[in-house]
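Read off the chains here:
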Amino acid sequence: MRRAITPGTFDPITFGHLDVIKRASQLVDEVIVAVAASAGKKPLFTLEERAELAREATLDIPNVTVEPFEGLLVDFARSKNAQVLVKGLRAITDFEYEFQMAALNYELGREVETVFIMSPPQYMYLSSSIVRELASLHSSVDNFVPPHVAAALSKKFQ
Ligand code: COA
């Protein structure tokens, strides 16, 4: 049984994240979307809200589940018997940061492998903070997030 984890803050989940999650779900038997507390980032949505938005967004993918987590990602991966961490790689600016995180995670837990999936061009420059900024300015985010996420954003910024 191959089990992968797609980790992130998901504040909120976007079509860019969903592209990575869907593609990962075709490579392994099971995917766990691990929603990090990321308290240092002072997220707009609570951990439970972010997990719930991700759950609804992935309902149509049968081998995907969503779980919130706190603490080290490699510890969470170990506790779930996951062998792979799958991350999206967008513009070249992601590379150095992701390289550093992959190297650190390798040091912390060698049994967990990090794999990258390249974002398609239309999501290359998409990020949750861009989506939050657009929503805060009451601009449409329909091209970037599923309808229930757009609704949750407009509620936050009404
Ligand atoms: N498409 C679109 N956007 C994407 C994306 C994709 N495929 N992949 C990432 N992003 C964006 C996110 O939207 C987010 O945007 P924002 O910063 O503008 O809001 C940004 O990239 C960063 O993503 P985030 O979800 O915050 O992930 P991260 O790469 O910063 O890592 C964890 C988050 C949870 C994986 C990491 O912090 C972690 O492992 N935390 C647990 C503690 C730990 O183990 N620390 C040691 C790690 S080495």
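Residues numbered from 1 in each chain as written. Predicted model: local features only at pLDDT ≥ 70, side-chain atom pairs only at ≥ 80, totals over all residues. Heavy atoms only, no water.

Account for the overall build of the protein chain, naming residues and giving values.
When its secondary structure is counted, the protein chain shows six helices and five strands. The N-to-C order of helical and strand elements in the protein chain reads β-α-β-α-β-α-β-α-β-α-α. Its C-alpha atoms give the protein chain a radius of gyration of 15 Å, within 12% of the compact-globule value 15 Å for 158 residues. A principal-axis box enclosing the C-alpha atoms of the protein chain has dimensions of 45 × 30 × 30 Å. Classification of the 158 residues of the protein chain by burial places 47% in the buried group. Excluding contacts between residues fewer than 6 apart, the proportion of contacts in the protein chain whose partners are at least 24 apart in sequence is 75%. Summed over all atoms, the accessible surface of the protein chain reaches about 8800 Å², with 56% contributed by carbon and sulfur. (Helix = DSSP H or I, 4+ residues; strand = E, 2+ residues; numbered from the N terminus. Rg over C-alpha atoms; globule rule 2.2 N^0.38 Å. Buried < 20%, exposed > 50% of the residue type's maximum accessible area, 1.4 Å probe, protein only. Contact = heavy atoms within 4.5 Å. Areas by Shrake-Rupley, 256 points an atom, 1.4 Å probe, with all protein chains shown as cover.)

Tell me what's going on with the pattern of salt bridges, and back it up with residues and numbers.
As enumerated under the stated definition, the model contains twelve salt bridges in all. Glu 30 serves as the salt-bridge partner of Arg 3, at 2.9 Å between the closest nitrogen and oxygen. Pair noted here: Arg 3 is in strand S1 (residues 3-8) and Glu 30 is in strand S2 (residues 30-36), with a separation of 27 residues, a long-range link. Note that Asp 19 and Arg 23 form a salt bridge whose closest N and O atoms lie 2.8 Å from each other. (Salt bridge = Lys/Arg side-chain N within 4 Å of Asp/Glu carboxyl O.)

Give me the lowdown on the side chain of Thr 9, citing residues and values where you can.
Along the polypeptide, Thr 9 turns up in the loop between S1 and helix H1 (15-25). Beyond its immediate chain neighbours, meaning those up to four positions away, Thr 9 contacts Val 35, Ala 36, Ser 38, Lys 41, Pro 43 and Arg 50.

Describe the packing of aromatic side chains, listing the residues and the values that go with them.
According to the stated counting rule, one finds two aromatic pairs in the structure shown. For the pair Phe 69 and Phe 76, a centre-to-centre distance of 5.0 Å together with 25° between the ring planes defines the contact as stacked. (Phe/Tyr/Trp six-rings, centres within 6.5 Å; stacked < 30°, edge-to-face > 60°.)

Requested: an account of the site of the ligand, with residues and values cited.
Taken together, 27 residues lie near the ligand, and Thr 9, Lys 41, Leu 73, Lys 87 and Ser 129 sit nearest. Lys 87 places a side-chain nitrogen or oxygen 2.7 Å from an oxygen atom of the ligand. Here a nitrogen atom of the ligand and a backbone polar atom of Leu 126 are 3.1 Å apart. If the ligand stood free it would expose 950 Å²; the protein chains cover 83% of that surface. Among the elements of the structure, S1, H1, strand S4 (84-89), helix H4 (93-108) and helix H5 (128-136) are those that each provide at least two residues to the shell around the ligand. If one sorts the elements of the shell around the ligand by residue count, H4 sits on top with five residues. (Near = heavy atom within 4 Å. Polar contact = N/O pair within 3.5 Å; in protein donor to acceptor, adjacent residues only side chain to side chain.)

A description of the nonpolar core should follow, citing residues and the corresponding values.
Of all hydrophobic cores here, the largest spans 34 residues; its most connected members are Ile 13, Ile 21, Val 33, Val 35, Val 86, Val 141 and Leu 153. Secondary structure elements with two or more residues in this core: H1, S2, helix H2 (47-57), strand S3 (64-69), S4, H5 and helix H6 (147-156). Per-element tally for this core: the top contributor is H2, with five residues. Other than its neighbours up to four places away in sequence, Ile 13 contacts Leu 18, Ile 21, Leu 53, Ala 54, Ala 57, Val 145, Pro 146 and Val 149. With eleven residues, the next largest nonpolar core counts Ile 5, Ala 34, Phe 69 and Leu 85 among its residues. (Core = buried A, V, L, I, M, F, W, Y, C linked by side-chain atoms within 4.5 Å.)

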